[in-house]
Amino acid sequence: MKQASATTAASLLTLMMASSALAQTPSTQSALADADAALPGEIIVTARRQSERLQDVPVAVTAVSADLLRQTAATGLADVAKYTAGFTFENGVGILNSPVIRGQAQSRIGNPVQNVATFFNGIYIQRGFMVDNDLLDLERIEIIKGPQAALYGRNAFSGAISFVTAQPSLTDIRARAEVTLGTDERRDYKVSISVPIIKDRLAVSAGYVNTRFDGTWENAHPLANAGLATNGNLGGYKNESWLIQATARPLDTVRIDGFYFRREAYQEALPAYRMAPSGTLVSQFSQMNCDRFEASAPAARGQFASYCGAFTAAPQTVAGELLPNNVHLVDPRAFSLNGTSTIYSGTVTIEAGDVLEFIYQYGRVEGESIAIGQLSRDAVRGTPLLTGNFAPFAGRLLLDQRGGGGITADSHEMRVNWTASDRLSGKVGGFYSSTRDFDVGGSLAAFPNNPNDFILTNFPAGELFPPGLSATLREDKSFAIFGAFDAFLSETLRLSAEGRYTFEDRREQAKTFPAFTPAGAQLSRSFKYFTPRVALDWKVSPDQLVYASVARGVKSGGFNGRAISPTVLTYEPETNWTYEIGAKTQWLDRRLTLNVSAYHVDWQQLQFNFQDPGGTIGTAAVLGNIKGAKVWGFEVEVNAQVTPELNLSIGGAWNDTKFVDGTFDLEIPRANCQPATLSAGTCPYNGDISGNRLARSPAGQLFGAITYARELSRDLRTTARVSGSWQGKSFVDNRNNSWMPSRTIVDASLALEHRNVSLRVWARNLLDNKYASFATTTYASSGGGSGASYGVIAGERRTIGVTAALNY
């Protein structure tokens with residue numbers, strides 16, 4: 001392997017609930033409190049921007065502790081998603097990673113604004129390639145479900161993810177070193193240290209991780225081991241991350257925190273393949289088997305335009321193809337991610353007695369990324385028979401760069417936490433951010449099997465992006481005021497209300513690249529909206545809480561700056577109202593924890609992928625709006641400490657995500673009928689997707705784990721763990737013709753711990769299940785009447801390894 005970056009599968013248990021906990025209190029824990037102050041076994045979260053016991057928060061939250069991340073050798077959000085109810089992670093091409101909560105997958109995964117907002121120590125991360133990280137020196141990860149826009153901002157549309165790092169200790173030295181060795185050249189080196197410079201007044205910490213992997217799928221390409229961008233297997237990566245933090249308490253009532261985080265990631269080409277009708281940019285031979293073309297040209301009329309059925313982990317060849325069957329063959333000049341991300345922040349907290357607390361946080365995010373993907377199905381022969389509009393690509397391999405670009409964002413937040421009495425407390429604040437975000441994209445061509453053609457030789461020295469790409473510049477300014485309060489109406493009944501009023505100024509302009517001169521008029525528009533959340537919870541007993549809530553999420557509209565047709569220059573905001581009831585309960589002296597939630601989402605004006613009606617072949621898709629969808633679902637998480645040694649945890653989720661009546665995807669008739677047929681009104685496809693399930697939204701999810709831990713002696717402990725996760729069938733296209741089959745993944749580990757030293761042997765995907773993990777559908781990608789094309793990515797196969805760690 002030469003370079004790379006992506007997460008690998010790892011077993012990760014669902015959260016082990018606290019064995020002891022505090023009774024609910026309406027007061028807010030001070031931000032000045034040291035992180036070490038939590039009681040043993042307590043799970044403290046900040047899902048509502050204040051420290052609270054997990055079981056007392058009237059929000060569906062899954063908290064994954066640092067101990068669980070370490071015990072299971074987790075490397076990213078894909079691992080967390082396997083064992084978190086209602087959460088999936090679309091770990092596709094590195095620049096297009098996309099978290100999904102409660103089935104609310106977004107149509108355009110390349111959209112820089114996602115449906116789930118991700119935060120790193122309170123700083124919002126917008127781009128998909130920055131969302132996942134190397135889990136360096138973390139205290140926990142919180143998955144917060146349902147709209148959180150009232151406190152987290154405009155893009156917490158269906159939920160939020162919060163990465164919380166371990167803060168420097170003002171009292172103790174803390175250090176950890178970890179080495180992982182595994183199959184397929186897996187090598188991880190991780191170290192972190194925290195030192196109090198002046199006890200109780202000043203402390204610093206630093207962490208570093210270097211992780212590399214060759215991938216688990218063999219690449220059958222003849223140049224697979226030629227030392228190009230993807231060398232050896234497919235799906236490999238090479239990542240490096242640095243984290244530096246400082247904490248100062250110049251006064252007992254003042255705390256200053258700051259951090260700097262940087263990640264450099266390289267991810268090789270993934271084990272992926274393409275499918276399309278014959279005579280398109282993708283393929284010379286058709287892999288389609290349903291939805292016959294209604295074409296004006298007799299030669300095309302009656303051929304199949306779409307694929308119906310399940311996708312397999314590796315491509316299946318059809319008559320006429322010279323490709324090997326059930327084998328991945330990817331041009332090694334392609335790669336999935338080459339990117340850097342930097343986040344830094346400073347926070348000042350001032351406490352004014354027991355009544356007021358003032359908090360100011362500044363944050364800055366910088367990032368840049370690119371990926372080169374293979375669009376041609378045959379990586380060895382390219383597309384030699386293309387003619388007409390496709391003639392420029394004849395004899396070449398078609399490659400594509402979409403979703404790359406860069407971002408610079410600055411944010412300021414000031415808030416005041418207040419406590420009026422034991423029965424009334426809250427917060428009020430303001431937020432301002434300025435974001436400069438640019439996309440680059442375009443189609444590329446290279447001669448097959450020629451390592452010196454195009455990609456390796458034509459990049460300008462020191463430049464991340466190749467010449468000839470188009471660019472779109474987006475500049476957003478956002479200002480918001482927000483507030484929240486908790487009011488105890490009685491000793492056991494609490495009313496919580498949150499609200500945020502947001503003002504946004506959005507601008508977009510098409511640019512040339514690399515000169516970055518204007519290529520069109522600057523588009524601008526302002527948006528204003530209010531996002532409330534109201535909850536009522538009842539403390540039935542010290543260990544049982546039931547709640548009901550209603551919340552609104554809004555995702556701003558915007559522009560299609562490179563659109564040719566004036567009818568698609570803008571798109572509108574999408575909204576949702578989420579109604580939820582839930583219970584958080586503990587039984588049998590808190591040895592049994594049962595948390596459940598049920599919800600309904602009314603989702604309107606979905607932002608949807610369309611092809612520009614005025615565009616030509618290769619023109620980037622644009623965003624528009626369709627009528628809406630509804631989601632019904634529930635989530636369950638159970639944890640049982642059966643004996644002092646034996647722990648069982650199970651959980652799952654069910655989502656019924658369907659388009660509402662009167663919803664049409666007009667790309668379907670455009671893909672299956674020629675323009676002349678559409679104009680004549682004789683196309684038999686009307687694009688009606690009413691009642692169909694949303695794409696990439698699995699209906700079911702189940703997971704469970706058995707953990708047996710035993711003290712062998714005073715200083716020696718062993719832990720054995722077996723876990724499994726099942727994800728149900730999910731459709732890939734809006735017509736529900738094609739799907740990814742259900743899949744089951746089994747993981748296992750065995751650990752031995754002696755004082756501060758631990759050794760853990762682990763296996764992920766123990767049964768070596770071969771499955772399709774991610775797939776997308778694009779209609780009319782080669783112009784009107786070109787049918788549907790599909791991209792399919794295989795999940796990671798079995799990996800085995802050992803991790804040794806030293807704690808101080």
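Refer to the structure above for everything that follows.
Residues numbered from 1 in each chain as written. Predicted model: local features only at pLDDT ≥ 70, side-chain atom pairs only at ≥ 80, totals over all residues. Heavy atoms only, no water.

**Details of the overall build of the chain**
Part 1 of the reasoning: Helices and strands together make up the secondary structure of the chain, namely 6 helices and 41 strands.
Part 2 of the reasoning: Long-range contacts, defined here as pairs at least 24 residues apart, represent 70% of the contacts in the chain between residues at least 6 apart.
Part 3 of the reasoning: With an accessible surface of roughly 29700 Å², the chain has 58% of that area assigned to carbon and sulfur atoms. (Helix = DSSP H or I, 4+ residues; strand = E, 2+ residues; numbered from the N terminus. Contact = heavy atoms within 4.5 Å. Areas by Shrake-Rupley, 256 points an atom, 1.4 Å probe, with all protein chains shown as cover.)

**Brief notes about the state of the cysteines**
Part 1 of the reasoning: In the structure shown here, the tally under the stated rule is 2 disulfides.
Part 2 of the reasoning: Through a disulfide, Cys290 is tied to Cys308; the S-S separation comes to 2.0 Å. Measuring the twist about the S-S bond at about 85 degrees, one finds the Cys290-Cys308 disulfide to be right-handed. Here the residue Cys290 occupies a position in strand S16 (residues 290–292), and Cys308 occupies one in the loop between strand S17 (304–306) and strand S18 (309–310), the gap between them amounting to 18 residues.
Part 3 of the reasoning: Of the residues examined, Cys290 reaches a relative accessible area of 10% and is grouped as buried.
Part 4 of the reasoning: In this model Cys673 forms its disulfide with Cys683; the gap between the sulfur atoms is 2.0 Å. Residues Cys673 and Cys683 are joined by a disulfide whose S-S torsion is about 75 degrees; by sign, that bridge is right-handed. (Disulfide = S-S within 2.5 Å. Buried < 20%, exposed > 50% of the residue type's maximum accessible area, 1.4 Å probe, protein only.)

**A closer look at the sheet that holds strand S9 (residues 159–165)**
Part 1 of the reasoning: Across the sheet, which stays open at both edges, the 5 strands sit in the order S3-S8-S9-S6-S7 with mixed pairing between neighbours. Of all strands in the sheet, those with a lone pairing partner are strand S3 (61–65) and strand S7 (123–125), marking the two edges. Between one strand axis and the next, the sheet turns by 20 degrees as a mean value, whatever way the strands run. (Pairing = 2+ DSSP bridges. Axes fitted to C-alpha atoms, helices over the stretch in contact; angles between N-to-C directions.)

**So, the packing of aromatic side chains**
Part 1 of the reasoning: If you walk through the whole model with that rule in mind, you get 19 aromatic pairs.
Part 2 of the reasoning: Cation over ring: Arg49 sits above Tyr152, and NZ or CZ is 5.6 Å from the ring centre.
Part 3 of the reasoning: Against the face of Tyr599 rests Arg102, its NZ or CZ located 4.0 Å from the ring centre. (Phe/Tyr/Trp six-rings, centres within 6.5 Å; stacked < 30°, edge-to-face > 60°. Lys NZ or Arg CZ within 6 Å of the ring centre and 35° of its normal.)

**Considering a nonpolar patch on the surface**
Part 1 of the reasoning: On the surface, a cluster of nonpolar side chains totalling about 520 Å² of accessible area is made up of Ile256, Val348, Ile350, Val355, Leu356, Phe358 and Met414.
Part 2 of the reasoning: Only strand S19 (335–352) and strand S20 (356–374) provide two or more residues apiece to the nonpolar patch.
Part 3 of the reasoning: With respect to the secondary-structure elements, Ile350 resides in strand S19.
Part 4 of the reasoning: The exposure class of Ile350 is partly exposed, given its relative accessible area of 38%. (Patch = residues over 30% accessible without salt bridge, like charges linked within 9 Å, V, L, I, M, F, W, Y side chains within 5 Å. Salt bridge = Lys/Arg side-chain N within 4 Å of Asp/Glu carboxyl O.)

**Considering empty space enclosed by the protein**
Part 1 of the reasoning: A complete count under the given rule lists 13 cavities of 30 Å³ or more for this structure.
Part 2 of the reasoning: There is about 680 Å³ of room inside the largest cavity.
Part 3 of the reasoning: Lining the largest cavity are 41 residues, with Ala78, Asn91, Arg743, Tyr771 and Ser773 positioned closest to its centre.
Part 4 of the reasoning: Secondary structure elements with two or more residues in the lining of the largest cavity: helix H2 (77–82), strand S4 (87–90), strand S34 (716–727), strand S37 (743–754), strand S39 (772–779) and strand S40 (788–794).
Part 5 of the reasoning: The class makeup of the residues in the lining of the largest cavity is 20 nonpolar, 15 polar and 6 charged. (1 Å grid on protein atoms, 1.4 Å probe; cavity = no way out; pocket = protein on both sides within 12 Å on 5 of 7 lines; lining within 4 Å. Points joined across faces, edges and corners; volume = space filled by probe spheres on them. Nonpolar A, V, L, I, M, F, W, Y, C, P; charged D, E, K, R; others polar.)

**Some details on the side chain of Arg743**
Part 1 of the reasoning: Within the element layout of this structure, Arg743 appears in strand S37.
Part 2 of the reasoning: With residues up to four places along the chain from it excluded, the contact list for Arg743 reads Ser725, Trp726, Gln727, Asn769, Tyr771, Ala772 and Ser773.

**Regarding the sheet that holds strand S36 (residues 738–740)**
Part 1 of the reasoning: With mixed pairing, 3 strands are arranged side by side in an open sheet as S18-S36-S35. The outermost strands of the open sheet, each flanked by one partner alone, are S18 and strand S35 (730–731).
Part 2 of the reasoning: When S35 meets S36, the two strands line up antiparallel, connected through 2 bridges. Counted as the bridge partner of Phe731 is Trp739 from S36.

**Brief notes about unusual backbone geometry**
Part 1 of the reasoning: Even without a glycine there, the phi angle at Asn326 is positive, about 60 degrees.
Part 2 of the reasoning: Of note, Asn326 is situated in the loop between S18 and S19.
Part 3 of the reasoning: Given a relative accessible area of 45%, Asn326 falls into the partly exposed group.
Part 4 of the reasoning: The phi dihedral of Asn736 falls on the positive side, at around 60 degrees, and the residue is not glycine.
Part 5 of the reasoning: Relative to the assigned elements, Asn736 resides in the loop between S35 and S36.
Part 6 of the reasoning: Given a relative accessible area of 17%, Asn736 falls into the buried group.

**Some remarks on the pairing of strand S21 (residues 397–421)**
Part 1 of the reasoning: Summarising the sheet, S20 and S21 pair through 16 bridges and their orientation is antiparallel. Residue pairing across strands places Ile359 opposite Arg415, the latter belonging to S21.
Part 2 of the reasoning: The sheet contact formed by S21 and strand S22 (residues 424–446) spans 22 bridges and is antiparallel. In the strand pairing of S22, Met414 is matched with Gly430.
Part 3 of the reasoning: Hairpin connection from S21 to S22: 2 residues lie between these consecutive antiparallel strands.

**A closer look at the environment of Ala206**
Part 1 of the reasoning: Along the chain, Ala206 falls in strand S12 (residues 202–213).
Part 2 of the reasoning: Measuring from C-alpha to C-alpha, the distance between Ala206 and Ala175 comes to 9.5 Å, with 31 residues separating the pair along the chain.
Part 3 of the reasoning: The contacts of Ala206, once residues within four sequence positions are left out, are Val191, Ser192, Ile193, Leu243 and Ile244.

**A look at the pairing of S4**
Part 1 of the reasoning: Burial of the side chains of S4 extends over both faces: Phe87 and Phe89 are buried on one face and Thr88 and Glu90 on the other.
Part 2 of the reasoning: Of the pairings in the sheet, the one linking S4 to strand S5 (residues 98–101) comprises 4 bridges and is antiparallel in character. In the sheet register, Phe89 faces S5, and the bridge partner there is Pro99.

**Some remarks on the pattern of salt bridges**
Part 1 of the reasoning: Under the definition given, this model contains 43 salt bridges.
Part 2 of the reasoning: Where Asp188 meets Arg186, a salt bridge forms, and the shortest distance between an N and an O atom there is 2.5 Å.
Part 3 of the reasoning: Here Arg186 falls in the buried class, since its relative accessible area comes to 3%.
Part 4 of the reasoning: As a salt-bridge pair, Asp252 and Arg201 come within 3.1 Å of each other at their nearest N and O atoms. Taken together, the residues span a long stretch of sequence, with Asp252 in the loop between strand S13 (237–251) and strand S14 (254–268) and Arg201 in the loop between strand S11 (186–198) and S12 at a distance of 51 residues.
Part 5 of the reasoning: The structure contains a network of salt bridges with shared partners spanning Arg48, Glu52, Asp486, Arg494 and Asp537.

**Looking at the environment of Arg764**
Part 1 of the reasoning: One can find Arg764 in strand S38 (residues 757–764).
Part 2 of the reasoning: Considered as a pair, Arg764 and Asp747 are 17 residues apart in the sequence and their alpha carbons are 4.6 Å apart.

**Structural notes on the environment of Gly691**
Part 1 of the reasoning: Looking at the element boundaries, Gly691 is found in the loop between helix H6 (675–680) and strand S33 (700–711).
Part 2 of the reasoning: The residues contacting Gly691, other than those within four sequence positions of it, are Lys658, Phe659 and Val660.

**Here we look at the side chain of Asn692**
Part 1 of the reasoning: Here Asn692 is to be found in the loop between H6 and S33.
Part 2 of the reasoning: A polar side-chain atom of Asn692 sits 2.8 Å from the main-chain carbonyl oxygen of Asn734.
Part 3 of the reasoning: If sequence neighbours within four positions are ignored, Asn692 has contacts with Thr657, Lys658, Phe659, Asn734, Arg735 and Asn736. (Polar contact = N/O pair within 3.5 Å; in protein donor to acceptor, adjacent residues only side chain to side chain.)

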